[in-house]
Amino acid sequence: MKTDPIDVLIVGAGASGAAVAWSLADTKMRIVCMDQGGTPDPTQFPANFMDWEERRNGPDHISPNIRKAPSDYPINDDGSPIKVVNYNGVGGGTVLFAGHFPRLHPSDFKVKTLDGVADDWPIDYQTLEPFFAINDRMMGVSGLPGDTAYPADRNNQMPPVPLGKSGEALAKGFNKLGWHWWPSDVAIATQPYDGRAQCINLGACLWGCAQGAKGSTDVTYWPHAKRAGVELWEHCRVSQILVGDDGMAEGVLYFDKDGVEHKAEAHVVIMAANGVGTPRLLLNSTSKQFPDGLANSSGLVGRNLMFHPYSFTEGVFDYPVDGARGPLKSIWSHEFYETDPDRDFVRGYMFEAARGRPPVNAALAGYEWGTLPWGEGHHDAFRKLNDRIMAFCAICEDLPELHNRVTLDPDQTDANGIPVPKIDYTLSENSKKMLEHSAARATDILNAAGATEVHAGYPIVYAGWHLLGTAKMGLDPETSVVNDWGRSHDVKNLFIVDGSVFVTSGGLNPTSTIQANALYVADQMKRRLANLFD
Amino acid sequence: MLSEAEIETLTGVAGLMIPASEAYGVPGADDSAIMSEIIVSAERTEDAVRNALAAFAEVGDSSFQQSHPDEAAVLQTIVASCYYRDARVLVSLGRKPQPPFPAGHEVEEGDFSLLDPVRARGEIWRKVD
């Protein structure tokens, strides 16, 4: 490792860390990004193995508490009906995401003005629009321009993923009801793109793409960032951000993979460790000047945690559909995205089609639904499920609430002795009504599409993918943690670029917006280099 | 490690759960090759399996699925995970006996003209200004 001073130290090499590192690389500063994990090996992803479905329930589980890889840290989520799922390593959550790539809507930035709830963002859709476009090019987004649910400013790099039998059946169901649908924007290469092979429909997006077609940042941003000179320090687990007597961040303490503690000094620290990891480290960075944790004069670090409660509805059809073949996502619907005064909740949700189930999971569904008996009737019953299940989920907007929060567990530590995050989260009445509504409408759609039976459930327990809101962005230091370009109000050389800064969650997958915001923050930093700390 | 008696019970449960079928030309889950995988899987979650087997021993038949759903789920997960990756079973379902990668799958592109009514309806996004 070099011993020159580090100009910019980024904590976390996932969606936002990769984007901010790549963007800042053109400053020619010395940029180091630390991640507690390594770069994933695609030859070890479950889709390479006959027991791929079983691996998903154990060593490749999406929950760090079940997976227990050396790079993971435990999360005490006993106090939450939704459990955190993540990937700790280069690429972060994008290694395990579905690649679904909607942007927040223009209205999402103005929910206080439009609907009288939560707060408006200090930035708007137009601010991020150029960065959405850059990010789409870097991540490689397949889709079909012209979606009527968005401003007409979106272009896709590649044609949409296949509708398949399932997407087509659902599309017909939507059309019967007169409701919006559109082929999803997905960060999956449907053609060879930027060194990535094209998708071959493995159907295992959520457990790492063995083909390398999915736009996880280990295969999108990182090769470019490293070529541009960014240093990626793998297996370095940051425990604290250090501050000097002047109240400025002066670097971090971290553990290497042998558990040896080191100090790294840096002129600027950027947090990109997600909406749980970032508040965990800020709260663990106490000092004489900052006894309640770093950047926490507002008391809001860790508060306002938003997850996105999901409902999950499945239909069984009397003809074969796709099973699990194909990219997980095919179409989306924004029909119920906005507030409707005729409904008993505010804000809304997006529907996303989710293909079907591979054989093992089809059997487990049959057991759960009570339609797959033991004994003589098993084989006939299984053949009525095999390749005949179509899945559909709704991603509900989660409004910020102070009591939903991340704190430090007073009793439990990780392998390096760092306190683990503790999650306290309850579903609001608004969320419960929205979930109920979404399951009922999903049932309508599946029935319209010809399902012979429908099974709905909510919330999905292992669906804490989207970790948002725990270091809110805003103009007022008393009611926010970072300013409108990601700089901490309290510590002028500390920035946050992950989902922690979200003011509201929207009702859709946030990765596109997280990354666009990270690029926007990097752009602001570059424009202000001469007076970055003023 | 599971005891011989526990493995015997587990084999009995597997055969009861998914018996062989001449009609479909498939082995039961108590087939020796499938059982060897089931045992490896079961030993990863040994305590839960042991509890489930003890509960099954009290019931002794397929009514266990209804009377002890949580314990049944433990055993169903293991048995189904190993049974539905067996090459003979996958072939009987019309699948190739291989993992998803590297062959992948063919998926129909679908009919994008289905979007015509969506386009005809026009923009639905909420304006903010």
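For the structure itself, consult the block above.
The sections below set out a description of the structure shown in this document. Per-chain numbering applies: the sequence of each chain, read as written, is numbered from 1 onward. Naming scheme: in the order in which they are written, chains are lettered from A and ligands are numbered from 1. pLDDT decides what is reported in this predicted model: residues at 70 or higher carry local features, side-chain atom pairs at 80 or more are listed and counted, and totals for whole chains, interfaces and linings draw on all residues regardless. Water and hydrogen atoms were dropped before computing side-chain values, which therefore reflect all heavy atoms in the structure.

## Thoughts on the nonpolar core
Point 1. Throughout this description, the term nonpolar core refers to a set of buried Ala, Val, Leu, Ile, Met, Phe, Trp, Tyr and Cys residues connected via side-chain atoms within 4.5 Å. For every residue, the accessible area obtained with a 1.4 Å probe (protein chains only) is divided by the maximum for its type, and the residue is called buried under 20%, exposed over 50%, and partly exposed between those limits. Grouped together as the largest cluster of nonpolar side chains are 137 residues, with contacts concentrated most on M34, W222, I270 and M271 of chain A.
Point 2. The helix and strand labels rest on DSSP assignments: H or I over at least four residues marks a helix, E over at least two residues marks a strand, and numbering proceeds from the N terminus. For this core, the leading source of residues is helix α12 (residues 511-527) of chain A, giving eight residues.
Point 3. When sequence neighbours within four positions are dropped, the list of residues in contact with M34 of chain A reads L9, I10, V11, G12, A13, W233, C236, V238, V252, Y254 and A264 of chain A.
Point 4. L364 and I389 of chain A together with A42 and Y84 of chain B belong to the second-largest nonpolar core, a separate cluster that totals 43 residues. Note on definitions: a residue-residue contact is assigned when non-hydrogen atoms from the two residues lie within 4.5 Å.

## Regarding the packing of helix α1 (residues 4-17) of chain B against helix α5 (residues 69-83) of chain B
All names here are of chain B.
Point 1. Where α1 contacts α5, the two axes come as close as 11 Å, and the packing angle between them is 75 degrees. Between α1 and α5, the angle is such that the two are roughly perpendicular. Two secondary-structure elements touch here, α1 through L10, V13, A14 and M17 and α5 through L75, Q76 and V79.
Point 2. Three categories are distinguished: nonpolar for Ala, Val, Leu, Ile, Met, Phe, Trp, Tyr, Cys and Pro, charged for Asp, Glu, Lys and Arg, and polar for the others, with Gly belonging to the last. Classifying every residue of the contact of α1 with α5 by side-chain character gives six nonpolar, one polar and no charged. An axis is simply a line fitted to the C-alpha atoms; with a helix, the fit covers only the stretch in contact. Between two such axes, the angle follows the N-to-C directions and lies from 0 to 180 degrees. Note that the term roughly parallel is reserved for angles under 35 degrees, roughly antiparallel for angles over 145, roughly perpendicular for angles of 65 to 115, and oblique for everything else.

## Focus: the environment of Q198 of chain A
Residues and elements named next belong to chain A.
Point 1. Locating Q198 in the fold gives a position in the loop between β4 (182-183) and α7 (221-227).
Point 2. Overall, Q198 belongs to the partly exposed group, its relative accessible area being 36%.
Point 3. Each C-alpha atom, one on Q198 and one on F382, is 33 Å from the other, the two residues being 184 residues apart in sequence.
Point 4. When neighbours within four sequence positions are excluded, Q198 is seen to be in contact with A189, T190, Q191, P192, Q211 and A213.

## Describing the sheet that holds strand β3 (residues 76-79) of chain A
The pairing of strands in a sheet happens through backbone hydrogen bonds and is either parallel or antiparallel.
Residues and elements named next belong to chain A.
Point 1. Read across the sheet, three strands follow the order β3-β14-β13 without closing on themselves; strand pairing throughout is mixed. Because the sheet does not close on itself, it has two edges, and the strands there are β3 and β13 (405-413). Averaged over all neighbouring strand pairs, the angle between strand axes comes to 40 degrees, with direction disregarded.
Point 2. In this structure, β3 lies alongside strand β14 (residues 419-424), joined through two bridges in parallel fashion. For G79, the partnering residue across the bridge sits in β14 and is D424. When DSSP locates at least two bridges between a pair of strands, those strands are taken to pair.

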